[in-house]
Amino acid sequence: MHVQTENDIRYLMYEDLPTFERFTNWHYDLEINLPGLEVIHEMLQKMSDLKKKNRDLLAKLSTINARYEDI
């Protein structure tokens, strides 16, 4: 999440609100403390990064397979 500070006031970016709401719900509904939320946030980010890398690798593999099928 990105926080902007202006005149000593901190603002969340609009696109980060759904994530903030989800974490707020987890904090209050599931009683997850702030360090736990940080760990969850980092793990979700890593999972997202791995999914993107996986899609990229599958696209490269498809390209390679298509080249060999032409031979």
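Preceding this section is the structure that the text describes.
Parameters and conventions
Residues numbered from 1 in each chain as written. Predicted model: local features only at pLDDT ≥ 70, side-chain atom pairs only at ≥ 80, totals over all residues. Heavy atoms only, no water. Axes fitted to C-alpha atoms, helices over the stretch in contact; angles between N-to-C directions. Helix = DSSP H or I, 4+ residues; strand = E, 2+ residues; numbered from the N terminus. Parallel < 35°, antiparallel > 145°, perpendicular 65-115°, else oblique. Left-handed = near helix turned anticlockwise from the far one by under 90°. Contact = heavy atoms within 4.5 Å. Nonpolar A, V, L, I, M, F, W, Y, C, P; charged D, E, K, R; others polar. Buried < 20%, exposed > 50% of the residue type's maximum accessible area, 1.4 Å probe, protein only. Lys, Arg positive; Asp, Glu negative; His and termini not counted. Salt bridge = Lys/Arg side-chain N within 4 Å of Asp/Glu carboxyl O.

Caption draft 1: Structural detail: the packing of helix α1 (residues 17-29) against helix α2 (residues 34-69). Two elements in contact, α1 and α2, have axes separated by 11 Å at closest approach and are oriented at 140°. Here α1 is positioned oblique relative to α2, judged by the angle of their axes. Like other packed secondary-structure pairs, α1 and α2 cross with a definite hand, here right-handed. Only L37, I40, H41 and L44 of α2 make contact with α1, whose side of the interface consists of R22, F23, W26 and H27. Each residue belonging to the contact of α1 with α2 can be placed in one class, and the counts come to 5 nonpolar, 2 polar and 1 charged.

Caption draft 2: View of the side chain of D16. With respect to the element layout, D16 can be found in the loop between β2 (9-12) and α1. Despite its burial, D16 pairs with no opposite charge; the closest candidate is R22, at 9.1 Å N-O. Once residues lying within four places of it in the same chain are set aside, the contact partners of D16 are M1 and H2.

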